Amino acid sequence: MQRFVVVGLGHFGGWAARSLYALGHDVIAIERDPALVDRYQGEVSVAVAGDATDRDMLKQVGAAQADAAIVSTGGDLATSILATLALRDLGVKDIYVKVTSPEAARAVEAFGVRETIFPEREVADRLAHRITSKSVLEYVPLGPGISLQEVAIPDAWLGKSLRQLQLPTTHGIQIVALQDVLTGTVQVVPDPDRALRESDVAIVAGPDEAIQKMLARSSGKD
């Protein structure tokens, strides 16, 4: 069991706190609004009404022993930064901060956080990729221009093996997992000689541009 501090119990922070607690972890939730604190009693280990920028308060609730922290204070950039600094002063090394703009992300990153999270942009990016390609079932960004994408098996691949397709060489992409949707079986390290079936979906890793070109070529649109 790990210990996590969640600062802010808005939509994002609240869901994160609940999810971590449901996974069996110790969750200390800190929120200025007493009504939100009351709402989360019983859904986290400890819900406290207080100011997360106050290092002494954080220390009193056990934040110094946390494995990681999530800071989600809405659009209050100053509070996010001050809470981050207070947590770092207590020795919390892994701090994840929700931001509302690229500018806020750059400001927060200057304080050495583990990661900035921009939920609205990430959800929008995933949706854009899904609705612009009928072949893309899911989209998970890994970095600028690089992603994992869940795709339906193109007709041109059916009956062929990964060894025959040679996707890293021919398209600059890699299939990292296969799932047969009929049986529910998943191969995280796919058998290179297994023939691809219509019931398969593939988890493909690589540059977005390369994956898009591959799908276009396989569908005969290139």
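Procedures and definitions
- Residues numbered from 1 in each chain as written.
- Predicted model: local features only at pLDDT ≥ 70, side-chain atom pairs only at ≥ 80, totals over all residues.
- Heavy atoms only, no water.
- Helix = DSSP H or I, 4+ residues; strand = E, 2+ residues; numbered from the N terminus.
- Rg over C-alpha atoms; globule rule 2.2 N^0.38 Å.
- Contact = heavy atoms within 4.5 Å.
- Areas by Shrake-Rupley, 256 points an atom, 1.4 Å probe, with all protein chains shown as cover.
- Lys, Arg positive; Asp, Glu negative; His and termini not counted.
- Charge placed at Lys NZ, Arg CZ, Asp CG, Glu CD.
- Core = buried A, V, L, I, M, F, W, Y, C linked by side-chain atoms within 4.5 Å.
- Buried < 20%, exposed > 50% of the residue type's maximum accessible area, 1.4 Å probe, protein only.
- Salt bridge = Lys/Arg side-chain N within 4 Å of Asp/Glu carboxyl O.
- Pairing = 2+ DSSP bridges.
- Axes fitted to C-alpha atoms, helices over the stretch in contact; angles between N-to-C directions.
- Polar contact = N/O pair within 3.5 Å; in protein donor to acceptor, adjacent residues only side chain to side chain.

Undergrad: Give a detailed account of the overall build of the protein chain, specifying residues and quantitative values.
TA: Check the secondary structure of the protein chain and you find nine helices and eleven strands. In terms of C-alpha radius of gyration, the protein chain reaches 22 Å, well past the compact-globule figure of 17 Å for 222 residues. Each principal axis of the C-alpha atoms in the protein chain carries an extent, and together these give about 65 × 35 × 30 Å. Sequence-distant contacts in the protein chain: of pairs separated by 6 or more residues, those separated by 24 or more amount to 52%. Carbon and sulfur atoms make up 53% of the accessible area of the protein chain, which totals about 12,000 Å². Treating the 22 positive side-chain charges of the protein chain as one cloud and the 29 negative ones as another, the clouds have centres 4 Å apart.

Undergrad: Tell me about the nonpolar core, residues and numbers included.
TA: In this structure, V5, I30, L58, V71, L87, V97 and V99 are the most contacted members of the largest nonpolar core, which totals 26 residues. Of all the secondary-structure elements, those providing two or more residues to this core are β1 (3-7), β2 (26-31), α3 (55-60), β4 (68-71), α4 (77-89), β5 (94-98) and α5 (102-109). Look past the residues within four positions of V71 in its chain and what remains in contact with it is V7, S80, A83, T84, L87, I95, Y96, V97 and K98. Judged by nonpolar contacts, the second largest core, of 16 residues, contains L162, L196, A202 and V204.

Undergrad: Report on unusual backbone geometry, specifying residues and quantitative values.
TA: Leave glycine aside and you will find that most residues have negative phi; peptide bonds, for their part, are mostly trans. A positive phi is found at Q166, a non-glycine position, where the angle reads about 50 degrees. On the accessibility criterion, Q166 (37% relative accessible area) is partly exposed.

Undergrad: Mind laying out the pattern of salt bridges, listing which residues take part and the relevant values?
TA: Under the definition given, this model contains ten salt bridges. Here R55 ties to D89 by a salt bridge, and the two come within 3.9 Å at their closest N and O atoms. Of this pair, R55 sits in helix α3 while D89 sits in helix α4, and the two are 34 residues apart along the sequence. Exposure remark for D89: the relative accessible area of 52% places this residue in the exposed category. Here K213 and E209 are joined by a salt bridge, their closest N and O atoms 3.4 Å apart. Placement of both K213 and E209 in helix α9 (residues 208-218) is noted, with a separation of four residues, approximately one turn of the helix. Note on K213: relative accessible area 41%, which makes it partly exposed. The class of E209 is exposed, set by a relative accessible area of 51%.

Undergrad: Lay out the pairing of strand β8 (residues 146-152) in plain terms, naming residues and giving numbers.
TA: Residues of β8 alternate between two faces, with S147, Q149 and V151 buried on one and I146, L148, E150 and A152 left unburied on the opposite face. Relative to strand β11 (residues 200-207), β8 runs antiparallel, the two being bridged by seven bridges. Across the sheet, the residue bridging to V151 is A202, located in β11.

Undergrad: How would you sum up the sheet that holds strand β6 (residues 115-117)? Please name residues and give values.
TA: Strand order in the open sheet made by the six strands is β3-β2-β1-β4-β5-β6, with parallel pairing throughout. Each edge of the sheet is formed by a strand with only one pairing partner; in this case those strands are β3 (46-49) and β6. Strand-to-strand twist in this sheet, taken as the mean axis angle between neighbours without regard to direction, amounts to 15 degrees. With four bridges connecting them, β1 and β4 associate as parallel partners. Residue pairing for β4: V5 is matched across the bridge by A69.

Undergrad: Can you break down the side chain of D200 residue by residue, with the values?
TA: Relative to the helices and strands, D200 is located in strand β11. At a separation of 2.8 Å, a polar atom in the side chain of D200 contacts the main-chain amide nitrogen of R197. Excluding residues that lie within four positions of it along the chain, D200 makes contacts with I153, Q179, D180, R194 and A195.

Undergrad: Talk me through the environment of A107; I want residue IDs and the actual numbers.
TA: Here A107 is to be found in helix α5. The spacing of A107 and G42 is 65 residues in sequence and 35 Å in space, taken between C-alpha atoms.

Undergrad: Tell me what's going on with the side chain of S161, and back it up with residues and numbers.
TA: The residue S161 is located in the loop between β8 and α7 (162-165) in this model. Not counting residues within four places of it along the chain, the set of residues in contact with S161 comprises P192, D193, R194 and A195.

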